[in-house]
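Residues per chain, in single letters:
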Amino acid sequence: MSCRRPLILLLLSVLFYNSAVSTLVFTREPTNQVVVVGRPFVWDCTAADTENDGAAVDIRWKLGNGFLDDSHPRIHRLANGSLYFSPVQSEDIANYTCVVSLRGRSDSAVESSPAFLRIAYIDPIERSPVPQNVSEGLTVYFTCLSGPSLPLATLHWEKDGTNFTGGQAYETQGFGGNKTSGTLQIDNTDGRHAGQYVCVAVNPMLPQQPERSQPATLVVEASPTPTNETA
């Protein structure tokens, strides 16, 4: 009898372990997202049972360390388990976790990795181009540095209020963090290049909110015309 008792306990422990191990896997796990304040957003999360195709799966969400209240006025759990923001507000910035379990089996719960919700933004230009006076025929370089932007901003240039494509524009994203640096190169300057130049930073998620630099005036001085002196 004394030999059979440890064997029975071992079998019971194995059975208990197998019943507690979840067979759920995520088929779509939430990942970090950047969203726009004032717009709706849907965050998907789906899972499946590897041992029982079509098994009913319950999906809940955690906001921080606690479960999200189903009575939240703006954030709702849809019938398919997705999280719907109607719309996003700045106070929604947080870590979210998707928790899935087999219906009626709380011991099968599996949590996703925490995913962070971030808000798209763009700050004013940090470094504007500076005015320049050059002689005709020389090369001019205007430089610009955007403010922090999420996602990263792209740059373009304007001359006298309209897009300028008469030079070569270069940019480096991620400069000094979430900033973009840019250079406008204009070769063989002449009087047609004179005017006011502005660097424009655009967040791709906030195209209606461009940030413009202070204008930089370019003055192109004509080369003196040589004269023939007679004795």
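Residues numbered from 1 in each chain as written. Predicted model: local features only at pLDDT ≥ 70, side-chain atom pairs only at ≥ 80, totals over all residues. Heavy atoms only, no water.

Turning our eyes to something else, we now look at empty space enclosed by the protein. Enumeration over the complete set of coordinates arrives at one cavity of 30 Å³ or more. Each pocket or cavity is described by its volume, and for the largest cavity that value is around 70 Å³. For the largest cavity, the full set of lining residues is R60, W61, F67, L68, D69, D70, I75, H76, R77 and L83. In terms of residue count, the dominant contributor to the lining of the largest cavity is strand β7 (residues 75-77) (three residues). Tallied by class, the residues present in the lining of the largest cavity amount to five nonpolar, one polar and four charged. (1 Å grid on protein atoms, 1.4 Å probe; cavity = no way out; pocket = protein on both sides within 12 Å on 5 of 7 lines; lining within 4 Å. Points joined across faces, edges and corners; volume = space filled by probe spheres on them. Helix = DSSP H or I, 4+ residues; strand = E, 2+ residues; numbered from the N terminus. Nonpolar A, V, L, I, M, F, W, Y, C, P; charged D, E, K, R; others polar.)

Glancing now at the sheet that holds strand β3 (residues 41-43). Pairing in this open sheet of three strands is antiparallel, and the strands run β3-β8-β7 from one edge to the other. Bordering the open sheet on either side are β3 and β7, each of which pairs with just one other strand. Recorded for the sheet is a direction-independent mean angle of 20° between the axes of neighbouring strands. (Pairing = 2+ DSSP bridges. Axes fitted to C-alpha atoms, helices over the stretch in contact; angles between N-to-C directions.)

Let us now look at the packing of aromatic side chains. What the rule picks out here adds up to nine aromatic pairs. Between F164 and Y197 the ring centres are 5.3 Å apart and the planes differ by 90°, which places this aromatic pair in the edge-to-face class. Of the two residues, F164 is situated in the loop between β17 (162-163) and β18 (168-175) and Y197 in strand β20 (residues 195-202); the sequence distance between them amounts to 33 residues. On the basis of relative accessibility, which here comes to 0%, the residue Y197 falls in the buried class. Taken together through their ring pairs, the aromatic side chains of F41, W43, W61, F85 and Y96 make up a single cluster. One residue, R60, lies across the ring of F67, its end atom 4.0 Å from the ring centre. Residue placement shows K62 over the ring face of F67; its charged tip is 5.4 Å from the ring centre. (Phe/Tyr/Trp six-rings, centres within 6.5 Å; stacked < 30°, edge-to-face > 60°. Buried < 20%, exposed > 50% of the residue type's maximum accessible area, 1.4 Å probe, protein only. Lys NZ or Arg CZ within 6 Å of the ring centre and 35° of its normal.)

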